[in-house]
Amino acid sequence: MNVAAAQFPPLLSRPVANTICLFDVDGTLTPARRAVSLEMLALLQQLREKVVIGFVGGSDLVKQQEQLGVNGLNVVDLFDFCFAENGLTAIRLGESLPSNSFIKWLGEEKYKKLASFILHYIADLDIPVKRGTFIEFRNGMINVSPIGRNASIQERHDYEAFDKKANVRRDFVEALKKEFPDYGLTYSIGGQISFDVFPTGWDKTYCLQHVLKEGEGYFKNIHFFGDKTYKGGNDYEIFEDPRTIGHTVTCPEDTIAELKRLFDL
C-alpha cells in the first residue's frame, strides 16, 4: 500500500460497505482533455472516506496524470484503483496489477494492414483541418483521430461540432468493420476527435475483473459514472453491464451533483 492510501480506511472497511465508484475521465471528472478542478478533487477525497474509488479511462496513464494529477499530485495517490487504457494498465493502492498487450494479441502483420488502411483513409478525407498523430499506439489499443491528436483545444472544439453533422468518425468505423470483419475488433467513439480500436471484450468492462477479485467478490455495488453511455460511446459497455450500476452524467459539475445526492457529501 502506498503512503497516501494509508490515510483512508482499508478497502474492505469503508463505511459504505461492498461499494466502489468507478469514473470515466473526459467529460465526467474533467472537461475533455483538460485538468480536473480542485472542487472535484476535494469531493473525491471526501467520497474516498466512505467508499472505494477508481477511474477507468481509455488514455494511457501519462495522459491521466496530466489531467488528474494537478499541482504536483500523483494520480495513483488520488484513487484506490487506477485503470488506464480500460484497465489494461491497472494499479491498486499504488501497486501495478497484471497487464496485457494489443500488439501481442493481434500480431504485427495484421496490425500493419490495419494501420495502412487507416492512414490511406485519412489521407483521402476532405475535412477542414488535419494536424498530426493520426494513430496513437497504446498498450491495449490504438486511438485513431481523423484530425490528429496534435490539434489545439479550439480545433478540437471545432472538429467536434463538425463531426456531429458530418459523421466522419461514424463512417470511418463502418469502413473498418467492413474491411476487417474477421479481426475481432471493437470500435468505440469517445472524446471530441477520435475513436478507440481494441480487441472485443477489452472495453471498459475489462477493468471489472480486477474489481471482482477484491476480497473474493467483496464489491456488490459497482457504481459507474460516464458521459458517453449511448450505444457506440466508449462508456456504453460498462454502463450496460449487469454487474454495474450505471449513471449517465453530462459534465463534471453534473458528476459532483450526483455524488452529493447519492452519498450525502
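Check the entry above for the structure.
Reference entry: report on the structure contained in this document.

Concerning empty space enclosed by the protein
Here is step 1 of the chain: Throughout the structure, instances matching the rule amount to two cavities of 30 Å³ or more.
Here is step 2 of the chain: In this structure, the largest cavity occupies an estimated 270 Å³ of space.
Here is step 3 of the chain: Lining of the largest cavity is provided by 25 residues; of these, Asp26, Ser59, Gly190, Gly191 and Asn234 occupy positions nearest its centre.
Here is step 4 of the chain: Counting only elements with at least two residues in the lining of the largest cavity, the list comes to helix H2 (61-68) and strand S9 (194-199).
Here is step 5 of the chain: Here the lining of the largest cavity gets three residues from one element, more than from any other, and that element is S9.
Here is step 6 of the chain: By residue class, the composition of the lining of the largest cavity is four nonpolar, 11 polar and 10 charged.
Here is step 7 of the chain: Reported here for the second largest cavity is a volume of approximately 30 Å³.

Observations regarding the nonpolar core
Here is step 1 of the chain: Counting residues in hydrophobic clusters, the biggest one holds 28 residues, and the most contacted among them are Leu114, Ile118, Ile142 and Phe195.
Here is step 2 of the chain: Residue assignment for this core shows that the elements contributing at least two residues are helix H4 (102-106), helix H5 (108-123), strand S7 (142-144), helix H7 (168-179), strand S8 (185-190) and S9.
Here is step 3 of the chain: Per-element tally for this core: the top contributor is H5, with five residues.
Here is step 4 of the chain: The contact partners of leucine 114, leaving out residues within four places of it in the chain, are Phe102, Leu106, Ile142, Leu176, Phe180, Tyr183, Leu185 and Val197.
Here is step 5 of the chain: Membership of the second largest hydrophobic core comes to 26 residues, among which are Phe23, Leu44, Val75 and Ile256.

Here we look at the sheet that holds S7
Here is step 1 of the chain: Read from one edge of the open sheet, four strands run S6-S7-S9-S8, paired in antiparallel fashion. Looking at which strands have only one partner, the edges of the open sheet turn out to be strand S6 (135-137) and S8. Recorded for the sheet is a direction-independent mean angle of 25° between the axes of neighbouring strands.
Here is step 2 of the chain: Summarising the sheet, S6 and S7 pair through three bridges and their orientation is antiparallel. The residue of S7 that forms the bridge with phenylalanine 137 is isoleucine 142.
Here is step 3 of the chain: H7 contacts S7, S8 and S9 of the sheet and is inclined by roughly 175° relative to S8.

What to know about the layout of surface pockets
Here is step 1 of the chain: In this model, the largest pocket occupies a volume close to 440 Å³.
Here is step 2 of the chain: The set of elements that each furnish at least two residues to the lining of the largest pocket consists of helix H6 (153-166) and H7.
Here is step 3 of the chain: Residue contributions to the lining of the largest pocket peak at four residues, all from H6.
Here is step 4 of the chain: Taken together, the residues of the lining of the largest pocket break down into six nonpolar, nine polar and nine charged.
Here is step 5 of the chain: For the second largest pocket, the calculated volume is near 220 Å³.
Here is step 6 of the chain: As for the second largest pocket, its lining consists of Arg170, Val173, Glu174, Lys177, Tyr187, Ser188, Ile189, Lys231, Gly232, Gly233, Tyr236 and Glu237.
Here is step 7 of the chain: Listing elements by their share of the lining of the second largest pocket, those giving two or more residues are H7, S8 and helix H9 (236-240).
Here is step 8 of the chain: If you tally residues by element for the lining of the second largest pocket, the top one is H7, at four residues.

Focus: unusual backbone geometry
Here is step 1 of the chain: A positive phi is found at asparagine 18, a non-glycine position, where the angle reads about 60°.
Here is step 2 of the chain: Looking at where asparagine 18 falls in the secondary structure, it is placed in the segment before strand S1 (19-23).
Here is step 3 of the chain: Among the residues examined, asparagine 18 registers a relative accessible area of 25% and is labelled partly exposed.
Here is step 4 of the chain: Here leucine 93, not a glycine, exhibits a phi torsion of approximately 50°, which is positive.
Here is step 5 of the chain: Turning to its location among the elements, leucine 93 is positioned in the loop between strand S4 (89-92) and strand S5 (95-96).
Here is step 6 of the chain: Judged by relative accessible area, leucine 93 falls into the buried class, the value being 5%.

A few points about the environment of isoleucine 135
Here is step 1 of the chain: Tracing the backbone shows isoleucine 135 in strand S6.
Here is step 2 of the chain: C-alpha separation for the pair isoleucine 135 and isoleucine 118, spaced 17 residues apart in sequence, amounts to 8.2 Å.
Here is step 3 of the chain: Beyond its immediate stretch of four places on either side in the chain, isoleucine 135 contacts Tyr111, Ala115, Ile118, Leu119, Ile142 and Asn143.

Conventions used here
- Residues numbered from 1 in each chain as written.
- Predicted model: local features only at pLDDT ≥ 70, side-chain atom pairs only at ≥ 80, totals over all residues.
- Heavy atoms only, no water.
- 1 Å grid on protein atoms, 1.4 Å probe; cavity = no way out; pocket = protein on both sides within 12 Å on 5 of 7 lines; lining within 4 Å.
- Points joined across faces, edges and corners; volume = space filled by probe spheres on them.
- Helix = DSSP H or I, 4+ residues; strand = E, 2+ residues; numbered from the N terminus.
- Nonpolar A, V, L, I, M, F, W, Y, C, P; charged D, E, K, R; others polar.
- Core = buried A, V, L, I, M, F, W, Y, C linked by side-chain atoms within 4.5 Å.
- Buried < 20%, exposed > 50% of the residue type's maximum accessible area, 1.4 Å probe, protein only.
- Contact = heavy atoms within 4.5 Å.
- Pairing = 2+ DSSP bridges.
- Axes fitted to C-alpha atoms, helices over the stretch in contact; angles between N-to-C directions.

Structural measurements only, silent on function.
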